[in-house]
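As a plain string of letters, each chain reads:
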Amino acid sequence: MTESTLPVDAPHRLLHSRYTRLARNTIDYWMLPDAAHLTEPEVLAAFDSAPWLEDASLQLYLHVPFCAQRCRFCAFSGGNSLEFREAQRYVRLVIEQMRDLWSRSSARGQRIRSVNIGGGSPDLLGREIGPLLRAVRDLPGCDDDTEIAVEFTLSTTKREFIDELAKYEVTKASFGIQSIDARVRRWMRQPATVVGLDRVLDWIDGRIPVVNADLITGLPGQDLRTAQQDLRALTEDPRIHAVSSYVLTAGAAPAMLAAMQSGTVPPQPSPATQALMRVHTYTALLREGWLRRGTNTYVDPRRVAPEVLERLAGNECIGSSHFEAFLLAAGPQAVSSVPGARLENHVDVATWTAAVERGEHPFHLAKCSTQSQRDTALWVFPLRWEGLPRERFEAMLQGGALTQGQLRSLHRLVREGLVIENNRGYELSCVGEVFMGHLVRELKSAAARRAVDDYIEEGEALGRAIADGDVQDENPANNRQIADALLKREARFD
């Protein structure tokens, strides 16, 4: 059926694409089907034997699960805790797990491309962020060209935290604003005003090379005008060098789904408005000369030194970039990925802490995997600012990693103008960037797509359960490791 013959009441196709809405997936790109009978020795054997191959790289992710806010949109809230007074104990344990993973991996001693310390709100570690950064700096392979990025929350950040970031020469400091509109912020359970923005930016100014601010489009009650105002406010502040603008996908935020269903907050903008928000964001940044340097991140090259720009890895270390890549991740909820293995830690902070203190591995085995995803680079490339290099694509093709279905999907995306093919390889068009999540899903294998869909459907079921009063609207509602129990489904795994 052509667009001209669509019924009057049919959903409108967005930006002349085949899509009628933006993607429902966001952080679930790397999800795999749960493992019913995987054992710890099997997981460790796969991790220990993962080879350092020709196209290998090494990144670290360290998760800090403390946060003083309970934002409705947060996809990482499942294990968030207020026990940040335990900062010294926590830092000791996360360093212990980081060193254990590093020392048993074949990546040990290799150059570390980037390190991201995220959360949660890492600023709640206070001065204890110093010992953590020192442990990172002391790892063989961490050098002057290693990007070290740290996240923080404006309302809880103190001067001592910023001083430690500067002392250990952190490359990038990143904070979330999401929106400056007071109504939208209240609906998202944030302070009505952006508390501490000027104070913290003044503390940082000139001491950390890249300051990044996060925005979200598609929030309940948001419209195109407010989204434009949000972007303008950040890009016009010379103390902010980079802006990350994410599209809200409700399937990762059950609390927000419940609030919309119950009428506590307004609905999300229409799909057409959401698509326009994305197009405006990308085109406005490009017109001003900003460069894409991340999944949803643009940097102003006039505000960042060329050598610093070269150091930016362009991701937040939350997922592998290609099969050969090593991502070592410590802390609750953190996920390591190496060739042929995926290790997911317990989300619950107390469970993770107890395991590490007993000298055990804090893995949630049902979410771990020993599958070899040799096609990773194909479906990850929409998230990568550098695209898919031709030589990496050819290596996957020659190695038999790609199915005919995946190749048909890629060629279709090229024909539709969502992906651009050139001598260098493949990259997103501006419209392709709007539908990034759709492209990732379509380039995955059929089984992997099912895992993504299951995750989204699970989030929507949790949202309904919260709205119906069957699940409490608290952080554990977004802990997918206990979703079966919360939804009173028959537990599939121990």
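Fair warning: this is a prediction, and the values are worked out from it, not measured in the lab.

What to know about the sheet that holds strand 14 (residues 425-428)
In step 1: What the three strands build is an open sheet, ordered 12-14-13; its pairing is antiparallel. A single partner strand is all that each edge strand has here, and the edge strands are strand 12 (388-389) and strand 13 (419-422).
In step 2: Relative to strand 14, strand 13 runs antiparallel, the two being bridged by four bridges. Its bridge partner being in strand 14, Glu421 is matched across the sheet by Tyr426.

Section: the pattern of salt bridges
Between side chains of opposite charge, pairing is possible as soon as their charged atoms come close.
In step 1: The full count for this structure, using the stated rule, is 33 salt bridges.
In step 2: Linking Arg239 and Asp202 is a salt bridge whose minimum nitrogen-to-oxygen distance equals 2.9 Å. Here Arg239, found in the loop between helix 7 (224-235) and strand 6 (242-247), pairs with Asp202, found in helix 6 (residues 197-204); they are 37 residues apart in sequence, far enough to count as distant.
In step 3: Here Glu360 makes a salt bridge to Arg358, at a shortest N to O gap of 3.0 Å.
In step 4: We classify Arg358 as exposed; its relative accessible area is 54%.
In step 5: Three or more residues joined by partner-sharing salt bridges are found here, namely Arg18, Arg412, Glu416 and Glu442.

Observations concerning the environment of Ile204
In step 1: Locating Ile204 in the fold gives a position in helix 6.
In step 2: Residue classification places Ile204 among the buried residues on the basis of a relative accessible area of 1%.
In step 3: Along the sequence, Ile204 and Ala334 sit 130 residues apart, while their C-alpha atoms lie 28 Å from each other.
In step 4: Other than its neighbours up to four places away in sequence, Ile204 contacts Phe152, Ile162, Ala173 and Val211.

Examining the packing of aromatic side chains
In step 1: Inspection of every chain in the model, using the stated rule, returns ten aromatic pairs.
In step 2: Ring centres of Tyr19 and Phe435 lie 4.9 Å apart, and the angle between their planes is 40 degrees; this geometry places the pair in the tilted category. On the criterion of sequence distance, the pair formed by Tyr19 in the segment before helix 1 (40-49) and Phe435 in the loop between helix 15 (430-434) and helix 16 (436-443) is long-range, its members being 416 residues apart. Residues Tyr19 and Phe435 agree in their burial class; the two are buried.

Points about the nonpolar core
In step 1: Core analysis: the biggest nonpolar cluster contains 104 residues, and Met98, Leu125, Leu132, Leu133, Leu165 and Phe175 have the highest contact counts within it.
In step 2: Ignoring sequence-local partners within four residues, the contact set of Phe175 consists of Phe152, Leu154, Leu197, Leu201, Val211, Asn212, Ala213, Asp214 and Ile240.
In step 3: Cys71, Met188, Ala250 and Ala259 belong to the second largest nonpolar core, which has 15 residues in total.

Describing the confidence of the model for the protein chain
In step 1: Across the protein chain, the average pLDDT comes to 92, with 96% of residues at or above 70.
In step 2: Under a pLDDT of 50 for its full length, residues 1-10 has, in the predicted model, six contacts with residues more than four places off or in other chains.
In step 3: Scored below 50 in pLDDT, residues 490-494 shows eight contacts in the model against residues more than four places distant or in partner chains.

Considerations on the packing of helix 2 (residues 87-104) against helix 11 (residues 349-357)
In step 1: At a minimum axis separation of 10 Å, helix 2 and helix 11 run at an interaxial angle of 65 degrees. The element helix 2 and its partner helix 11 pack so that their crossing is left-handed. Between helix 2 and helix 11, the contacting residues are Arg89, Tyr90, Arg92, Leu93, Val94, Glu96 and Gln97 on the first element and Trp352, Thr353, Val356 and Glu357 on the second.
In step 2: Across the contact of helix 2 with helix 11, the residue classes tally to five nonpolar, two polar and four charged.

Some remarks on the environment of Glu307
In step 1: Tracing the sequence through the fold places Glu307 in helix 10 (residues 306-311).
In step 2: When the C-alpha atoms of Glu307 and His322 are compared, they prove to be 25 Å apart, with 15 residues separating the residues in sequence.

Regarding the side chain of Glu442
In step 1: Tracing the backbone through its elements, the reader meets Glu442 in helix 16.
In step 2: Leaving out residues up to four positions away in the same chain, Glu442 has contacts with Arg18, Tyr19, Ser409, Leu413 and Arg449.

A word on helix 8 (residues 254-262)
In step 1: In terms of burial, helix 8 is a largely internal element, seven of the nine residues being buried.
In step 2: Elements in contact with the buried residues of helix 8: helix 17 (446-467).
In step 3: Taken from the residues just after helix 8, Gly263 is the one with a positive phi, measuring 85 degrees.

Quick word on unusual backbone geometry
In step 1: The peptide bond linking Gly119 to Gly120 adopts the cis configuration, its omega dihedral lying at 20 degrees.
In step 2: Its location among the elements puts Gly120 in the loop between strand 2 (114-119) and helix 3 (129-137).
In step 3: For Leu15, which is not glycine, the phi torsion reads 50 degrees and is therefore positive.
In step 4: Here Leu15 shows up in the segment before helix 1.

Cut-offs and rules
- Residues numbered from 1 in each chain as written.
- Predicted model: local features only at pLDDT ≥ 70, side-chain atom pairs only at ≥ 80, totals over all residues.
- Heavy atoms only, no water.
- Pairing = 2+ DSSP bridges.
- Helix = DSSP H or I, 4+ residues; strand = E, 2+ residues; numbered from the N terminus.
- Salt bridge = Lys/Arg side-chain N within 4 Å of Asp/Glu carboxyl O.
- Buried < 20%, exposed > 50% of the residue type's maximum accessible area, 1.4 Å probe, protein only.
- Contact = heavy atoms within 4.5 Å.
- Phe/Tyr/Trp six-rings, centres within 6.5 Å; stacked < 30°, edge-to-face > 60°.
- Core = buried A, V, L, I, M, F, W, Y, C linked by side-chain atoms within 4.5 Å.
- pLDDT = per-residue confidence, 0-100.
- Axes fitted to C-alpha atoms, helices over the stretch in contact; angles between N-to-C directions.
- Left-handed = near helix turned anticlockwise from the far one by under 90°.
- Nonpolar A, V, L, I, M, F, W, Y, C, P; charged D, E, K, R; others polar.

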